Amino acid sequence: MSEASDQKEQSSWRHPRNEGTGMSMTTDTTQPSTSGTDVELLLTGMTCASCANRIERKLNKLDGVTATVNYATEKAKVTYGETVTPDDLVATVESAGYGAKLPEPPEADDADHPNTEETAADSAVRDLRTRLIVSAILSVPVVAMAMIPALQFDNWQWLSLTLAAPVVVWGALPFHKATWVNLRHGAATMDTLVSLGTGAAFAWSVYALFWGDAGMPGMRHPFELTIERTDGTSNIYFEAAAGVITFILLGRYLEHRAKRNAGAALRALLDLGARDVAVLRDGTEQRIPVSQLAVDDRFVVRPGEKIATDGVVEEGRSAVDASMLTGESVPVEVSPGDAVVGATVNAAGRLVIRATRVGSDTQLAQMAKLVEDAQTGKAAVQRLADRISGIFVPTVIAVAVAVFGFWLGTGAGAAGALTAAVAVLIVACPCALGLATPTALMVGTGRGAQLGILIKGPEALEQTRTIDTIVLDKTGTVTTGAMTLADTAAADGEETAQVLRMAGSLEDASEHPIARAIADAAREAGELGTVEGFANIEGLGVQGIVDGHAVLVGRPQLLAQWSQHLDNHLQTAFDDAQDRGQTAVAVGWDGRARAVLVVADRVKDTSAEAITQLRGLGLRPILLTGDNERVARTVAGQVGIDAADVFAEVLPADKVDVVKRLQSEGRVVAMVGDGVNDAAALAQADLGLAMGTGTDVAIEASDLTLVRGDLRVAGDAIRLSRRTLGVIKSNLLWAFGYNVIAIPIAAAGLLNPMLAGAAMAFSSVSVVANSLRLRGFRSSLAE
């Protein structure tokens, strides 16, 4: 195992505990509530953002209650005082027409007790998918027959009724149920408009078939774009009812699928932990589930195993890879008395650890709580269509009632008045509104996937236009995240190839990450030599015989013990590496110090160009890392980030605090990261971008995922998101504008059904065509 500097206070390998890196993560990140008792309610029955707002208002009316409802995660975070009980909170939500329950305590064995919340979410998505598929199959021939006169055979209208009825009754059942709940509480949403509009279209069509002229054999819908007053008894609107329901079901299915993944970050985070542990009982090892581990239990961790829980090393020495949790690029050496964190990996020797925290008190559990708090605390972003519906839906219903009363009062007769009122509801059906978001999102996300960009939903897009600051994690984002040989300083008369052969051959026998970096570089330079008598000198380095030469690799003290001292040239190289925050390793053989090898986490070749592109998008780049100050400033200087915009030596909780501080200054913050330690900050940021080469936890906690490891894709992601959001907005503007123009015509009783159908079709086609423009988006990587 290769060793580094004899100056422990400067080594970036063995960080001092007060530098905020490595094992110092055991700092408690939970903060008790000072204003009351906190509880989290699991909600059901919400169908749009206005539902979340209604529940939130109801809860906040209770004395001493402060509530935040998140539509995406379907949870309410509530702080309440002594005058309110959890049962009161549940009752209040239920009185608003929705479901609520308190979270159940975790079972000891998840395999025997499946997550019922997860099962319910899966069931909801499957139900929507089934309704969508069946409705689409039945709706396509209905729409085709209504829009193409050549397909209108004798009695085709009765087949339309047969096919459309299941769609309107069963396919739209979620909308009808939501409408009933909303009407009972005096509210109206997009569900109300969908239910009333499609129900009115279907009901009037049935009336026209049985009591009007539409049921006569040979009835046709001629393709005429004329405006004339009609009593409507010869017209049917089955295609409008079935088509609108299918389109809205598509959008709802895509939305629920995105919501289903909202809790995946927490599940992925908790999956990082060990499943079982070798605990010491009466001097013998017993394998038990981690859930049975208690404070002060002593347990064994062998090389390559995960540390089961937070604790203190009592026996053994090793290097612990904490990069998954801390983002620190260099493994941390631990010895008796050092604190370690659960879910980190023991890279070298056998350790005996005494547990100090278990269960929900561990650092891993606290990080999961940070992610959950950031997600729940993020303000629910109302979808644009829902915001429009808040005004549009009640207005349409009021207009329809007013139109009916007006025509009835002017003596037009009940049939004419009802025709005009129903026409208003039919033409107001949000066909294009239902297409506006899902079509743009499908095309945009499809193009993004081709370019290595995954967009999770419309909520993520809304923030891209306003962000002005982008926070970048260092390890794995700006840098490669892997230790590599950065430089070789050889003494006079020594060849670099020979130095690498000697050092790499010896280090190849070690599993230490720094040793692997040297061995890999040596292997690329040529063949490795034969090693004999390999030995690990604990805390100093390694020694052995390579091709007949006695080789030493490690700290300068190890070489000094054999009277092999660094000359001025090598000492300068060693000191310069330390000043840059890099890891320096001395190499000597046959009685003389021969070289200094410098190992570091290398900056990605494209990172500097990516920073330039981000500045071009009007963003201020900030470097945020758990690594030490020297390393962070060196990396920042290489990629073009100002020294004042570097935050180093920060814990996961500190990363969240930095993001919150920037937000409190009025900045809209994007965060790019790849590690578990970035997950909470990604969730807290207004826009989270995860490197796809990183951990599943970071990916699930983010809004956008960059599949490639190239930071330049972050700029592409923001550009594509802004472009997609622009298309969604223009789609909504067109769809809304169509209704604004068509409703007065319908109210005047002048709407010919084919004109309405053609206008609706043209509106939908325009929305789709506008969305397809996103297929032409070009990546900067191809320019």
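A quick note: this is a predicted structure, and the numbers were derived from the prediction, not measured.

Quick word on the overall build of the chain
On a plain count of helices and strands, the chain comes out with 26 helices and 26 strands. Burial statistics for the chain: of 783 residues in total, 54% are counted as buried. For the chain, the proportion of contacts with a sequence separation of at least 24, taken over those separated by at least 6, is 72%. Approximately 31400 Å² of the chain is accessible, and the part contributed by carbon and sulfur atoms is 55%.

Structural notes on the packing of helix α4 (residues 156-171) against helix α5 (residues 173-184)
It is at 5 Å that the axes of α4 and α5 come closest, and there the two elements cross at 45°. Here α5 runs oblique to α4, going by the angle between their axes. Contact with α4, carried on its side by Val168, Val169, Trp170 and Gly171, involves Leu173, Pro174 and His176 of α5 and no other residues of that element. In the contact of α4 with α5, the residues fall into 5 nonpolar, 2 polar and no charged.

As for the nonpolar core
Formed by 55 residues in total, the largest nonpolar core has its most connected members in Ile236, Phe238, Val396 and Val424. Listing elements by their share of this core, those giving two or more residues are α3 (116-147), α4, α6 (190-211), α7 (238-260), α11 (384-409), α12 (414-427) and α25 (712-747). Setting aside chain neighbours within four positions, we find Val424 in contact with Val396, Val399, Ala400, Val403, Ile743, Ala746 and Ala747. Counting residues in hydrophobic clusters, the runner-up holds 47 residues, among them Val443, Met691, Ala714 and Leu720.

A word on the sheet that holds strand β10 (residues 332-334)
With antiparallel pairing, the 3 strands of this open sheet are ordered in space as β10-β9-β12. The open sheet has two edge strands, β10 and β12 (345-346), and neither has a second partner. Looking at chain direction, strand β9 (residues 318-321) and β10 are connected through 3 bridges and run antiparallel. Looking at β10, one finds that Val320 is bridged to Val332.

Looking at unusual backbone geometry
Positive phi values are uncommon outside glycine, yet Asp547 reaches one of about 50°. In the Ramachandran plot, Ser563 falls in the positive-phi region, its phi being about 60° despite a non-glycine side chain. Within the element layout of this structure, Ser563 appears in the loop between α18 (556-560) and α19 (568-579).

Describing the pattern of salt bridges
The final tally for this structure, using the stated rule, is 28 salt bridges. As a salt-bridge pair, Arg354 and Asp296 come within 3.2 Å of each other at their nearest N and O atoms. Here the residue Arg354 occupies a position in strand β13 (residues 351-355), and Asp296 occupies one in the loop between β6 (284-289) and β7 (298-301), the gap between them amounting to 58 residues. Arg354 gets classed as partly exposed once you look at its relative accessible area, which sits at 26%. Take Asp296: its relative accessible area is 48%, and that puts it in the partly exposed class. One salt bridge connects Glu494 with Arg592, and the closest N-O pair in it is separated by 3.4 Å. Of this pair, Glu494 sits in the loop between β16 (479-490) and α16 (496-507) while Arg592 is found in strand β21 (residues 592-603), placing the two residues 98 residues apart along the sequence. The class of Arg592 is partly exposed, set by a relative accessible area of 36%. If you follow the salt bridges from partner to partner, you end up with Asp296, Arg298, Glu314, Glu315 and Arg354 in one network.

A look at the sheet that holds strand β1 (residues 37-44)
Ordered by their spatial adjacency, 4 strands build an open sheet running β2-β3-β1-β4, and the pairing between neighbours is antiparallel. On the outer flanks of this sheet lie β2 (66-70) and β4 (99-101), each paired with one strand and no other. Taking the axes of each pair of neighbouring strands and ignoring which way they run, one obtains an average angle of 25° across the sheet. Two strands pair when backbone bridges link them, and β1 and β4 are joined in this way by 3 bridges, in the antiparallel orientation. Residue pairing in the sheet places Leu43 in a bridge with Ala100 of β4. This element, helix α2 (residues 86-95), spans β1, β3 (75-80) and β4 of the sheet and lies at about 30° to β1.

A look at the UniProt feature "transmembrane region" (unreviewed entry) in the chain
As annotated in UniProt, the feature "transmembrane region" (unreviewed entry) corresponds to residues 132-150, 156-173, 193-212, 232-250, 388-408, 414-437 and 731-748 in the numbering used here. Within residues 156-173, the helical portion is 94% and the strand portion 0%, while the C-alpha atoms at the span's ends are 26 Å from each other. End C-alpha to end C-alpha, residues 731-748 measures 26 Å, and it is 94% helix and 0% strand.

Observations regarding the packing of aromatic side chains
Scanning the model with the defined rule gives 6 aromatic pairs in all. A centroid spacing of 5.9 Å and a plane angle of 25° characterise the contact between Tyr207 and Trp211, whose relative ring orientation is stacked. Here Tyr207 and its partner Trp211 are both found in helix α6, 4 residues apart, which amounts to about one turn of the helix. We classify Tyr207 as partly exposed; its relative accessible area is 32%.

Topic: helix α20 (residues 607-616)
Among the residues of α20, those classed as buried are Ser607, Ala610, Ile611 and Leu614. For α20, the arc enclosing every buried residue in end-on projection is 100°, short of the 170-degree limit, so these residues lie on one face. Away from its buried face by more than 90 degrees, α20 exposes Thr612 and Gly616. Those residues of α20 that are buried lie in contact with β15 (469-473), α15 (474-478), β21, β22 (620-624), α21 (629-639) and α25. Taken from the residues just after α20, Gly618 is the one with a positive phi, measuring 85°.

A few points about the pairing of strand β17 (residues 531-537)
Bridging between β17 and strand β18 (residues 541-546) involves 5 bridges; their strand directions are antiparallel. Its bridge partner lying in β18, Ala535 is registered against Gln543. As consecutive antiparallel partners, β17 and β18 are separated by 3 residues, and within that stretch Gly539 has a phi angle of approximately 85°, a positive value.

Remarks on a nonpolar patch on the surface
The grouping of Val134, Val169 and Trp170 at the surface amounts to a nonpolar patch, some 240 Å² of accessible area in total. By secondary structure assignment, the location of Val169 is in helix α4. Residue classification places Val169 among the exposed residues on the basis of a relative accessible area of 51%.

So, the packing of α20 against α25
How two helices sit against one another is set out by the angle between their axes and by the gap between those axes. Interhelical geometry of α20 versus α25 gives an angle of 25° and a closest axis separation of 7 Å. The pairing of α20 with α25 is recorded here as roughly parallel in orientation. On α25, the residues that touch Glu609, Ala610, Gln613 and Leu614 of α20 are Arg712, Ala714, Gly715 and Ile718.

Each value, and the rule that gives it
Residues numbered from 1 in each chain as written. Predicted model: local features only at pLDDT ≥ 70, side-chain atom pairs only at ≥ 80, totals over all residues. Heavy atoms only, no water. Helix = DSSP H or I, 4+ residues; strand = E, 2+ residues; numbered from the N terminus. Buried < 20%, exposed > 50% of the residue type's maximum accessible area, 1.4 Å probe, protein only. Contact = heavy atoms within 4.5 Å. Areas by Shrake-Rupley, 256 points an atom, 1.4 Å probe, with all protein chains shown as cover. Axes fitted to C-alpha atoms, helices over the stretch in contact; angles between N-to-C directions. Parallel < 35°, antiparallel > 145°, perpendicular 65-115°, else oblique. Nonpolar A, V, L, I, M, F, W, Y, C, P; charged D, E, K, R; others polar. Core = buried A, V, L, I, M, F, W, Y, C linked by side-chain atoms within 4.5 Å. Pairing = 2+ DSSP bridges. Salt bridge = Lys/Arg side-chain N within 4 Å of Asp/Glu carboxyl O. UniProt positions renumbered as here; feature names shortened; annotations may be inferred. Phe/Tyr/Trp six-rings, centres within 6.5 Å; stacked < 30°, edge-to-face > 60°. Arc of directions from axis to C-beta. Patch = residues over 30% accessible without salt bridge, like charges linked within 9 Å, V, L, I, M, F, W, Y side chains within 5 Å.

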